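# Structure at a glance
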Amino acid sequence: MKKKNQFGLIHIYCGDGKGKTSAAVGLCVRASGRGKKCLWTSFLKDYDSGEFMEQPPFTLYRGEPVRQFVFTMTEEQKQATAKEHTDRLKAVFQKASDEGYDLLVLDESIASCNLDLIPTELLLQLLREKPVHLEVVLTGRDPKAELVELAHYVSEIHPIKHPYDAGIPSREGIEN
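What counts, and where the lines are drawn
Residues numbered from 1 in each chain as written. Predicted model: local features only at pLDDT ≥ 70, side-chain atom pairs only at ≥ 80, totals over all residues. Heavy atoms only, no water. 1 Å grid on protein atoms, 1.4 Å probe; cavity = no way out; pocket = protein on both sides within 12 Å on 5 of 7 lines; lining within 4 Å. Points joined across faces, edges and corners; volume = space filled by probe spheres on them. Helix = DSSP H or I, 4+ residues; strand = E, 2+ residues; numbered from the N terminus. Nonpolar A, V, L, I, M, F, W, Y, C, P; charged D, E, K, R; others polar. Core = buried A, V, L, I, M, F, W, Y, C linked by side-chain atoms within 4.5 Å. Buried < 20%, exposed > 50% of the residue type's maximum accessible area, 1.4 Å probe, protein only. Contact = heavy atoms within 4.5 Å. Pairing = 2+ DSSP bridges. Expected span 1.5 Å × (residues − 1). Arc of directions from axis to C-beta. Salt bridge = Lys/Arg side-chain N within 4 Å of Asp/Glu carboxyl O.

## Section: the layout of surface pockets
The volume enclosed by the largest pocket comes to roughly 1,200 Å³. For the largest pocket, the lining is made up of 31 residues, of which Thr21, Lys45, Glu108, Arg141 and Glu175 are closest to its centre. Per-element tally for the lining of the largest pocket: the top contributor is helix H1 (residues 20-33), with three residues. For the lining of the largest pocket, the per-class residue count stands at 10 nonpolar, 11 polar and 10 charged.

## Focus on the nonpolar core
In terms of nonpolar packing, the biggest core is built from 25 residues, with Leu89, Phe93, Leu106, Leu123 and Leu138 touching the most fellow members. Listed by contribution, the elements that provide at least two residues to this core are strand E1 (10-14), helix H2 (75-98), strand E4 (103-107), helix H3 (109-114), helix H4 (120-128) and strand E5 (135-139). Those residues in contact with Phe93, other than ones at most four positions away along the chain, are Leu104, Leu106, Leu123, Leu126, Leu127, Lys130 and Val136. Listed in part, the 15 residues of the second largest apolar core include Val25, Tyr47, Phe52 and Leu103.

## So, the sheet that holds strand E3 (residues 59-60)
Taken in spatial order, the six strands of this open sheet run E3-E2-E4-E5-E1-E6, and their pairing is parallel. One side of each edge strand has no neighbouring strand; the edge strands of this open sheet are E3 and strand E6 (153-156). The sheet contact formed by strand E2 (residues 38-42) and E4 spans five bridges and is parallel. Along E4, the bridge assignment pairs Cys38 with Leu103.

## Re H1
The end-to-end C-alpha distance of H1 is 20 Å, a good match for the 20 Å that 14 residues give at a rise of 1.5 Å each. When H1 is considered as a whole, its buried residues turn out to be Lys20, Thr21, Ala24, Val25, Leu27, Cys28, Ala31 and Ser32. Down the axis of H1, the smallest arc covering the buried residues is 160°, so these residues share one side. Facing away from the buried side of H1, by more than 90 degrees, are the exposed residues Arg30 and Gly33.

## Considering the pairing of E4
Most of E4 is tucked away: five of the five residues are buried. By the alternation rule, side chains of E4 split into Leu103, Val105 and Asp107 and Leu104 and Leu106, which are all buried. Here E4 pairs with E5 via four bridges, running parallel. Note on E5: the bridge partner recorded for Leu106 is Leu138.

## Focus: the pattern of salt bridges
Across all of its chains, the model carries five salt bridges by this definition. Across the pair Lys45 and Asp107 runs a salt bridge whose closest N-O atoms are separated by 2.7 Å. Note that Lys45 is positioned in the loop between E2 and E3 and Asp107 in strand E4, a separation of 62 residues in sequence. You can call Lys45 partly exposed: its relative accessible area is 23%. Assessed through its relative accessible area of 0%, Asp107 is described here as buried.

Laid out in structure tokens, this is it:
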């Protein structure tokens, strides 16, 4: 049996640039290659992206796909999304603990917090109470100060130049 790390750290991949989710996928690939057990969930996404078209080298915990922008949702839809996101957040931490995962990725959890779909205090509590060996990655723009303070790694991805600025639309397999 492989020895677990003594402790797992908290990562934040944030910023306005392309690559936050890709960086998290890369960490999962690296960890999986070293025999680590990885669990992934994405908030505010519909899983219609290249990362999820084939079986990834990590466990994907799919939630209810979000197929519209939050600002276009009715209040009832927002409440249903908030309940689903909150329940799923608790469930993935429980699964990671119960099944001995080494890495947990909470893709777009920062955006979900910023939109009040996940209570920030709940996320902070779960991060503070996580299994000592569990590494956790959060992605999204504009993390709240409390999350930044708790994290061990904070990597900001900043665009210097992007093809969208020149009118080039998103391309399958590159941007999605």
